[in-house]
Amino acid sequence: MRIPLAVAATLVSIATIATTGCRQSAPAQQQAQQMQVMPVQVAAVSLDPVPNGDTYVSTIKSRRSATLQPQVDGNLTRILVKSGDHVRAGQLLMTIDPLKQQATVASTAGTENQKKAVLQYNKAELDRQKGLFEAGVVSKQAYEIALQNFQNSEGDYKASQESTSAQRQQLAYYQIRAPFDGIVGDIPVHQGDYVSATTLLTTIDENSQLEAYIYIPTERGAQVRNGLPVEILDDTGKPLVKSNIYFLSPQVENGMQSVLAKAPVPSSAPVRNLQIVKARVTWDVTPKPTVPVLAITRINGQPFVTIAAPQGNGYIAHQVAVKVGDAIGNTYPVLEGLKPGDKVITSGLQFLAEGMPVKPLS
């Protein structure tokens, strides 16, 4: 059988292309087989207890905080403390010029002495009139007049005593003392300033009894309860102290539509009165896959992990997009993208390419 020339030429071309293709694919296959296997550290994904919670802005407040304002008018003569000082209950902080009040006390004390002298005279007169009446020398009317004079002077003397005592107590108001142990706040006044009942002198805060005020949205109202764990965090999210909710307001804050919850803060915590912090409230704890923080890489904001995926008799690097929650210590909870048992690569990520052969190291 004779083959036409055109068909023969076509067959020769096909054979040539096939032979050339085989010669080109052999080096590529050989190069793939000779690709170096990279040893990598891996962490097997396991289910760990992960807290489910929310973070809210919180304010640290002292259970005992006092604003000091004078109860009398006058000029400040002494300021004996400075902002930040630790003071004891009853310690003298400031004094207001007491000269005017001292004069008033001296005047009332003088009046009291006069009333006392009158009382003593009337007492002696009463005793004399009583003896004369009983002896029949004077009339009963004279005795009754002496008795009435004594009773009137006795009432005047007691009233004068009360007035003097009140003025002496008023004199104590010219000394500003600490109501309890605490720390002195800002002192906006100066020595020599004229102060009145509306003048703010300073504040005293007791840092030994602090609370975190946490306002929780009403949509969480069914979940919030006493005893829920709370973590107080700094601006970077670092935990400062652990606590628990111990108070829930029975009413909703109208302006914020939230429920006030309080958690005690120990005095050892590095926070101060009126400091703004973050409070993370844990609603429950559920098992979820977790991965080390170092295993996460972000591309255009999307988190990825690289796993050692089985292929044939070995493993290759395979990048997987994941959805993670808030970091807990040195790990991220994985919400989507991984399952228990996956081998997450934690070393040499910058040298890996998709599909590169790897050798997991435990």
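Residues numbered from 1 in each chain as written. Predicted model: local features only at pLDDT ≥ 70, side-chain atom pairs only at ≥ 80, totals over all residues. Heavy atoms only, no water.

Enquirer: Can you walk me through the sheet that holds strand β6 (residues 92-96) in this structure?
Expert: Strands in a sheet are paired, the pairing made by backbone hydrogen bonds, and the direction either parallel or antiparallel. Taken together, the four strands give an open sheet; going across it, the order is β7-β6-β4-β9, and neighbouring strands pair in antiparallel fashion. A strand with exactly one partner marks an edge of an open sheet, and here the two such strands are β7 (175-177) and β9 (194-195). (Pairing = 2+ DSSP bridges. Helix = DSSP H or I, 4+ residues; strand = E, 2+ residues; numbered from the N terminus.)

Enquirer: Looking at this model, I keep getting lost on the domain arrangement of the protein. Mind explaining?
Expert: Interface size, as often reported, equals the accessible area lost upon joining of the parts. The domain boundaries assigned to the protein delineate domain 1 (38-54 + 288-360), domain 2 (56-64 + 210-286) and domain 3 (98-173). Between domain 1 and domain 2, the residue contacts involve nine residues of the former and ten residues of the latter. Across the interface of domain 1 and domain 2, roughly 760 Å² is buried in total on both sides, 40% from carbon and sulfur atoms. Contact with domain 2 buries surface across domain 1, with Pro51, Asn52 and Asp54 losing the most and accounting together for 65% of the total. Between the two partners, domain 1 and domain 2, sit one salt bridge. (Domains from an automatic or database assignment. Contact = heavy atoms within 4.5 Å. Buried area = accessible area lost by both parts, 1.4 Å probe. Salt bridge = Lys/Arg side-chain N within 4 Å of Asp/Glu carboxyl O.)

Enquirer: What is the right way to read helix α2 (residues 99-134) from this model?
Expert: Along an α-helix, residues three or four positions apart point the same way, because every turn accommodates 3.6 residues. With 36 residues, α2 should cover 52 Å at 1.5 Å per step; its first-to-last C-alpha distance of 52 Å lies within 8% of that length. Just beyond α2, the residue with positive phi is Gly136, at close to 80°. (Expected span 1.5 Å × (residues − 1).)

Enquirer: Just to check I follow, could you spell out the environment of Lys238 for this structure?
Expert: When you line up the elements, Lys238 lands in the loop between β12 (229-233) and β13 (239-244). Residues Lys238 and Ile328, 90 residues apart in the sequence, show an inter-C-alpha distance of 9.8 Å.

Enquirer: Looking at this structure, I do not really get the sheet that holds strand β10 (residues 202-205). What am I missing?
Expert: Pairing in this open sheet of four strands is antiparallel, and the strands run β3-β10-β8-β5 from one edge to the other. This sheet does not close on itself; its edge strands, each paired only once, are β3 (65-68) and β5 (86-87). Pairing between β3 and β10: four bridges, direction antiparallel. Directly across from Leu68, in β10, lies its bridge partner Thr202.

Enquirer: Please clarify how the pairing of strand β19 (residues 314-321) should be interpreted in this entry.
Expert: Taken residue by residue, a regular strand's side chains alternate between the two faces of the sheet. With eight bridges connecting them, strand β18 (residues 302-311) and β19 associate as antiparallel partners. Pairing of Ala309 across the sheet is with Ile316, part of β19. Remark: two residues form the turn of the hairpin made by β18 and β19, two consecutive strands paired antiparallel; Gly312 in that turn has positive phi of roughly 65°. Looking at chain direction, β19 and strand β23 (residues 357-361) are connected through two bridges and run antiparallel. Bridge pairing in β23 places Tyr315 opposite Val358.

Enquirer: How should I be thinking about the packing of aromatic side chains in this particular structure?
Expert: Given two aromatic rings, one states the distance between the centres and the angle between the planes to describe the pair. Applying the stated criterion to the full structure yields one aromatic pair. Here Phe133 and Tyr143 contribute two aromatic rings whose centre-to-centre distance is 5.5 Å and whose plane-to-plane angle is 10°, an arrangement assigned as stacked. Placement of the pair is Phe133 in helix α2 and Tyr143 in helix α3 (residues 140-172), with a sequence separation of ten residues. It is Lys262 that lies over the ring of Phe247; its NZ or CZ is 5.0 Å from the centre. (Phe/Tyr/Trp six-rings, centres within 6.5 Å; stacked < 30°, edge-to-face > 60°. Lys NZ or Arg CZ within 6 Å of the ring centre and 35° of its normal.)

Enquirer: Can you walk me through the pattern of salt bridges in this structure?
Expert: Two side chains bearing opposite charge may form a pair once their charged atoms approach each other closely. The full count for this structure, using the stated rule, is eleven salt bridges. A salt bridge links Arg63 to Glu211; the nearest nitrogen and oxygen atoms lie 3.3 Å apart. Here Glu211 lies in strand β11 (residues 210-217) and Arg63 lies in the loop between β2 (46-62) and β3, a separation of 148 residues in the sequence. Note on Arg63: relative accessible area 41%, which makes it partly exposed. Across the pair Arg280 and Glu231 runs a salt bridge whose closest N-O atoms are separated by 2.6 Å. Here Arg280 is found in strand β16 (residues 276-292), whereas its partner Glu231 is found in strand β12, with 49 residues between them in sequence. (Buried < 20%, exposed > 50% of the residue type's maximum accessible area, 1.4 Å probe, protein only.)

Enquirer: Even after reading the chapter, I still don't get the layout of surface pockets, so can you show me in this structure?
Expert: One water molecule sets the probe size; rolling that probe over the atoms shows where empty space is left. Taken as a whole, the largest pocket spans an internal volume of roughly 380 Å³. Contributing to the lining of the largest pocket are 21 residues, with Pro51, Asn52, Gly53, Arg280 and Ile328 lying nearest its centre. Looking at the lining of the largest pocket, the elements with two or more residues in it are β2, β12, β13, β16 and β21 (331-336). Taken together, the residues of the lining of the largest pocket break down into eight nonpolar, seven polar and six charged. Taken together, domain 1 (38-54 + 288-360) and domain 2 (56-64 + 210-286) each give at least three residues to the lining of the largest pocket, which thus spans both. (1 Å grid on protein atoms, 1.4 Å probe; cavity = no way out; pocket = protein on both sides within 12 Å on 5 of 7 lines; lining within 4 Å. Points joined across faces, edges and corners; volume = space filled by probe spheres on them. Nonpolar A, V, L, I, M, F, W, Y, C, P; charged D, E, K, R; others polar.)

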